[in-house]
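A structural walkthrough
Okay, here's what each chain looks like letter by letter:
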Amino acid sequence: MFSPSKNSSAKKQQARAHRRALRNIASHHNETAPDPLGAAVRLLNETAHDLKSPLAGIAATMEVIRDGSLGDVTASQAEFLQAAMTQCQYIDSLIDELSRAERLRSGLPRVRRVSTKRTAIREAVDLATRSLLSNKQIELHWDGIEPNSPDVLVDSTILSRLMTNLIINAERASKPGSPILIRVEDDLNRGVAVWSVIDRGRGISPQRLQQLSGTQKIASDLGGEGLGLMISRQMASLHYYKLTLRSRVGSGADAVFETPLATPAGIAATFARFRSEKRGSRSRPQTIQQWKSDESNTSERELLGGNRVRIEHTTNKSSWHEIELQSEDIRPVRADRLALGRVTADVECTMEMADRFDEILQYNLSPFELAYRTSRRSWVCALDADHHSMPTRMQQIEMISRRATPAMQLQWSEPSIVPVQERSLQCLLVDAMTTRTLAEAPGIIPDVDSVRLGTPEISFSPVPSARLDEELRRMNLRMKSQTERLQQQAAALRPRV
């Protein structure tokens, strides 16, 4: 006979052994289960690594030729060689980004969203696609890219590569001489800029769209546009939106995504909408939607140099088909709530230190988190955490900051755990981004930007105070004199009885 304590201990040991066995079975299943997406990413990493060495050799050879070490080079030849070297540099950076595709898939991307001019995006994309499109004599037109257009909150490198991927897909489906249009339209009510890559190629059939909506198909389609779309939809999700494909056979295709406008209202609305869509375990079914084409949707235009360029879609009885490519590989840890707070650097923090911290902070956020810089040394953070995990999350950020900027001290406001509901979350974010109170940064003057770096804090001085008092007295006497004069003039104008 076992005693009760021994019997209880034996049952606990049996339970632990049972749990270990279940873990071993699950581990074995994960090792043996097919993972096409993981295999695609591994193949991509290996291919990218193999491309770096020959690419570096090509760039070095062109540099030797350009410098004239192998003979005289004309000015035009040197210009073409420099352009080719620039393309090599871009391809090298693209390979580095592709080799980190696993970070996109695992939810640990290195992304820094800052206010960016659209013209800068245009210049980067033009440079990356110029030689590719020239082979088929395809012109790239732009609409909605003006110097005075509102800035967008994006990672310029990731956005440029996203557009390059979509342009490459459009080029493959286009005939020689067929133009490709990049259109950007502002939706001020929703606080976003809507980007569209439009071609008039052969289009995508509904069956093919349905295949592209599946992760398994995208992972196995290494030779076509599937792998590019897999990376593109991940890049679109880093800007808090999904990638949408619209197409009609024989009329071309549109690839559409959105980026937030670089305003507190636009950023808050976009993030709240994106975060609320990821709430809970529910997921949207990725089904093909049909929408009737009309005369207003049968032409796409672009304003370039004062001339309108029309990209016509042939009108026929078939309908356009639309499908959304969402990134469903990962989900937030806290699906129905997040932690909202402010972090402030001390007044002795230099601008270089603050910029470095901003870069580190954003690089260490998950796709479901947001850091908005409200001033030179203050950030509003929406973190994927709750009451229990928020202290640990704050410590992680402070440890990363101390390694990069040891001299900078951080102060956190009391975080608020708020529910993930689109309208209420949007209002809370706007309020946090535009309102600053003394309670949020105790011991620090409310406007740290009003004190020039390296100078003491504003304090009382008797000399300026005496001058101010004297000026106030002089203005008081002057106002009193003017009042008496006006009273006398009013009395003179009053009719006598």
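As a starting point, this report considers the structure included with it. (Residues numbered from 1 in each chain as written. Predicted model: local features only at pLDDT ≥ 70, side-chain atom pairs only at ≥ 80, totals over all residues. Heavy atoms only, no water.)

**Regarding the pairing of strand β4 (residues 180–187)**
Pairing of strand β2 (residues 140–143) with β4, which is carried by four bridges, proceeds in the parallel orientation. When the sheet's bridge partners are listed, Asp143 is paired in β4 with Arg183. Both β4 and strand β5 (residues 192–199) contribute to a ladder of seven bridges, which runs antiparallel. Counted as the bridge partner of Arg183 is Ser196 from β5. A loop of four residues connects β4 with β5, the two strands running antiparallel in sequence, and Gly191 in this loop sits at a positive phi of about 70°. (Pairing = 2+ DSSP bridges. Helix = DSSP H or I, 4+ residues; strand = E, 2+ residues; numbered from the N terminus.)

**Thoughts on the side chain of Glu258**
Tracing the sequence through the fold places Glu258 in strand β7 (residues 252–260). A relative accessible area of 7% means that Glu258 is categorised as buried. In this structure the side chain of Glu258 is engaged in a polar contact, spanning 2.8 Å, whose partner is the side chain of Arg190. In this structure the side chain of Glu258 is engaged in a polar contact, spanning 3.5 Å, whose partner is the side chain of Tyr241. Aside from chain neighbours lying at most four places away, what touches Glu258 is Arg190, Val192, Ala193, Val194, His239 and Tyr241. (Buried < 20%, exposed > 50% of the residue type's maximum accessible area, 1.4 Å probe, protein only. Polar contact = N/O pair within 3.5 Å; in protein donor to acceptor, adjacent residues only side chain to side chain. Contact = heavy atoms within 4.5 Å.)

**Some points on the nonpolar core**
Burial of nonpolar side chains together is a common tendency in soluble globular proteins. Counting 41 residues, the largest nonpolar core has Met163, Trp195 and Phe257 as its most contacted members. With sequence-adjacent residues up to four places away left out, Phe257 is seen in contact with Leu159, Leu162, Met163, Leu166, Ala193, Val194, Trp195, Ala236, Tyr241, Lys242 and Leu243. (Core = buried A, V, L, I, M, F, W, Y, C linked by side-chain atoms within 4.5 Å.)

**Description of the packing of helix α5 (residues 118–134) against helix α6 (residues 156–173)**
For the pair α5 and α6, the least separation of the axes is 9 Å and the interaxial angle reads 35°. As for how α5 packs across α6, the hand of that crossing is right-handed. Across from Ile121, Ala124, Val125, Ala128, Thr129, Leu132 and Leu133 in α5, the residues of α6 making contact are Ser156, Leu159, Ser160, Met163, Thr164, Ile167, Ile168 and Glu171. Here the residues of the contact of α5 with α6 sort into 10 nonpolar, four polar and one charged. (Axes fitted to C-alpha atoms, helices over the stretch in contact; angles between N-to-C directions. Left-handed = near helix turned anticlockwise from the far one by under 90°. Nonpolar A, V, L, I, M, F, W, Y, C, P; charged D, E, K, R; others polar.)

**Observations regarding α5**
An ideal rise of 1.5 Å per residue puts 24 Å on 17 residues; α5 measures up with 23 Å between its terminal C-alpha atoms. Of all the bends found along α5, the most pronounced is centred on Ala128 and spans about 40°. All buried positions along α5 are accounted for by Arg118, Ile121, Val125, Ala128, Thr129 and Leu133. (Expected span 1.5 Å × (residues − 1). Bend = angle between axes of the 7 residues up to and from the residue.)

**Considerations on the side chain of Ser378**
Checked against the element boundaries, Ser378 lands in strand β14 (residues 378–383). A distance of 3.1 Å separates polar atoms of two side chains, one belonging to Ser378 and the other to Arg342.

**Looking at the packing of helix α10 (residues 264–277) against helix α13 (residues 422–434)**
Between α10 and α13, the least distance of the axes is 8 Å, while the angle of their chain directions is 145°. Note that α10 runs across α13; the crossing there is right-handed. Note on element contacts: α13 touches α10 through Glu422, Leu425, Gln426, Leu429, Val430, Met433 and Thr434, opposite Pro264, Ala265, Ile267, Ala268, Ala269, Phe271, Ala272, Arg273, Arg275 and Ser276. In terms of residue class, the contact of α10 with α13 is made up of 11 nonpolar, three polar and three charged.

**Quick look at α13**
Taking 1.5 Å per residue as the helical rise, α13 with its 13 residues ought to reach 18 Å, and the 18 Å between its terminal C-alpha atoms agrees with that figure. Residues of α13 that are buried include every one of Leu425, Gln426, Leu429, Ala432 and Met433, and no others. End-on, the buried residues of α13 take up no more than an arc of 135°, which puts them together on one face. Exposed residues on α13 whose side chains face more than 90 degrees from its buried face are Arg423, Cys427 and Thr434. Each element contacted by the buried residues of α13 is listed here: α10, β12 (337–345), β13 (370–375), β14 and β16 (416–419). (Arc of directions from axis to C-beta.)

**Quick notes on the pattern of salt bridges**
Pairing is possible between side chains that carry opposite charge, provided their charged atoms lie close to one another. One pass over the full model with this rule turns up 20 salt bridges. Salt-bridge contacts for Arg183 lead to Asp143; the nearest nitrogen and oxygen are separated by 3.4 Å. Note that Arg183 is positioned in strand β4 and Asp143 in strand β2, a separation of 40 residues in sequence. The same class applies to Arg183 as to Asp143, namely buried. What you see here is one network of salt bridges that share partners, running through Arg334, Asp336, Arg337 and Asp386. (Salt bridge = Lys/Arg side-chain N within 4 Å of Asp/Glu carboxyl O.)

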